[in-house]
Amino acid sequence: MAVQAPSGSMSRSQTQRRKRIVQTAAALAVRGGVEAMQMRSVAERAGVALGTLYRYFPSKMDLVVAVVTEELDLLEGGIVRRPPTADAPAERAVDVLLRATRGLMREPELADALVRSLIMAEVKIELDVRISDLVWRVVTGNLEGADTTASEEGAAVEVDRAGTGYVLISSLTSVWIFELVEVLKGRRDVDEVERRLHTAAEHLLVSF
């Protein structure tokens, strides 16, 4: 599979073109779900050649991931601007996961396509790592940093993804992904997911 050029290596016009493509795909998905995100339709509505679209997004699933990633960007930005305020780390963690659930469920077909891509390994996306990092930053009080957290002395240190604390948080994220699948299958509602996440978080994050 071709690899998309990282945003940082694109010119300003290329970045704007990529953003226009993603926004166009998202608008089509809002009206008609994933089926409406046909590559030719996206290219025509975004005003780019079909070949150009495929250079940015080698497959439809890559485009789905880009749309969902933008939703995650909005989630992260919202959490930085309005972080969870609960005293208990478990409560703050659940707040993040519930916001992620509600954000993804605004477009359930996109969420379903993304989850299926994770299970089938159709594209490389580290949804679990990204959400785990965000929860870690919230729980440890280092929202402004990236891949770092605060030490007891207040200095920034790199996140140790092999450390016990991070493993516990990533385990909670795994529970969340399973619960998201259950919501998409119609077996859970968000209220039930909230109750189950609270139970898992209270036990997994008891040492924080």
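Scroll up to find the structure.
Predicted, not measured: the structure shown is a model, and the values here were computed from it. (Residues numbered from 1 in each chain as written. Predicted model: local features only at pLDDT ≥ 70, side-chain atom pairs only at ≥ 80, totals over all residues. Heavy atoms only, no water.)

Visitor: When you look at the overall build of the chain in this model, what are you seeing that I'm missing?
Guide: Counting its secondary structure elements, the chain contains 9 helices and 2 strands. Moving toward the C terminus, one meets the helices and strands of the chain in the order α-α-α-α-α-α-α-β-β-α-α. Split into buried and exposed, the 208 residues of the chain put 44% on the buried side. (Helix = DSSP H or I, 4+ residues; strand = E, 2+ residues; numbered from the N terminus. Buried < 20%, exposed > 50% of the residue type's maximum accessible area, 1.4 Å probe, protein only.)

Visitor: So what exactly am I meant to see when it comes to helix 2 (residues 39-46) here?
Guide: Every α-helical turn comprises 3.6 residues, leaving residues that sit three or four positions apart pointing alike. Taken together, the buried positions of helix 2 are Met39, Val42, Ala43 and Ala46. Along the axis of helix 2, the buried residues cluster in a sector spanning 100°; they form a single face. Structural note: helix 2 exposes Arg40, Glu44 and Arg45 on the side pointing more than 90 degrees away from its buried face. On the buried face of helix 2, the contacting elements are helix 1 (12-32), helix 3 (50-56) and helix 4 (60-81). Backbone geometry just after helix 2 places Gly47 at a positive phi near 75°. (Arc of directions from axis to C-beta. Contact = heavy atoms within 4.5 Å.)

Visitor: Help me understand the pattern of salt bridges in this model?
Guide: Side chains bearing opposite charge may pair, as long as their charged atoms lie close to each other. According to the stated counting rule, one finds 13 salt bridges in the structure shown. A salt bridge links Glu70 to Lys19, with the shortest nitrogen-to-oxygen separation between them at 3.8 Å. With Glu70 in helix 4 and Lys19 in helix 1, the pair connects residues that are 51 residues apart, well separated along the chain. On the basis of relative accessibility, which here comes to 25%, the residue Glu70 falls in the partly exposed class. Judged by its relative accessible area of 44%, Lys19 is partly exposed. Arg187 is the salt-bridge partner of Glu182, the closest N and O atoms lying 3.5 Å from each other. Glu182 gets classed as buried once you look at its relative accessible area, which sits at 6%. Look at Arg187 and you get exposed, because its relative accessible area is 55%. (Salt bridge = Lys/Arg side-chain N within 4 Å of Asp/Glu carboxyl O.)

Visitor: Could you clarify how one ought to interpret the packing of aromatic side chains in this entry?
Guide: What characterises a pair of aromatic rings is the spacing of the ring centres plus the angle enclosed by the ring planes. All chains considered together, the criterion is met by 2 aromatic pairs. On the numbers, 5.8 Å between centres and 55° between planes, the contact of Trp136 with Tyr166 is tilted. Here Tyr166 lies in helix 8 (residues 164-184) and Trp136 lies in helix 7 (residues 127-140), a separation of 30 residues in the sequence. Each member of the pair, Trp136 as well as Tyr166, carries the same accessibility label: buried. Judged by centre distance (6.1 Å) and plane angle (80°), the ring pair of Trp136 and Phe208 falls under edge-to-face. Placement of Trp136 in helix 7 and of Phe208 in the segment after helix 9 (190-204) is noted, with a sequence separation of 72 residues between them. Of the aromatic side chains, those joined through ring pairs into one cluster are Trp136, Tyr166 and Phe208. (Phe/Tyr/Trp six-rings, centres within 6.5 Å; stacked < 30°, edge-to-face > 60°.)

Visitor: So what exactly am I meant to see when it comes to the nonpolar core here?
Guide: In a soluble, globular protein the nonpolar side chains are often hidden away together inside. Membership of the largest hydrophobic core comes to 60 residues, with the highest contact counts inside it found for Ile21, Phe57, Ile131 and Trp176. Considering each element in turn, this core owes the most residues, 9 residues, to helix 4. Excluding its chain neighbours within four sequence positions, the residues that come into contact with Ile131 are Leu72, Leu75, Leu97, Ala100, Thr173 and Trp176. (Core = buried A, V, L, I, M, F, W, Y, C linked by side-chain atoms within 4.5 Å.)

Visitor: Which parts of the structure should I look at to understand the packing of helix 5 (residues 89-105) against helix 9?
Guide: Each pair of packed helices gets described by two things: the angle between the helix axes and the distance between those axes. Put simply, helix 5 and helix 9 touch, their axes get as near as 9 Å, and they point 150° apart. Overall, the two elements helix 5 and helix 9 adopt an arrangement that is roughly antiparallel. Crossing handedness for the pair helix 5 and helix 9: right-handed. On helix 9, the residues touching Ala90, Glu91, Val94, Leu97, Leu98, Thr101 and Arg102 of helix 5 are Val190, Glu194, Leu197, His198, Ala201 and Glu202. Class assignment for the residues of the contact of helix 5 with helix 9 results in 7 nonpolar, 2 polar and 4 charged. (Axes fitted to C-alpha atoms, helices over the stretch in contact; angles between N-to-C directions. Parallel < 35°, antiparallel > 145°, perpendicular 65-115°, else oblique. Left-handed = near helix turned anticlockwise from the far one by under 90°. Nonpolar A, V, L, I, M, F, W, Y, C, P; charged D, E, K, R; others polar.)

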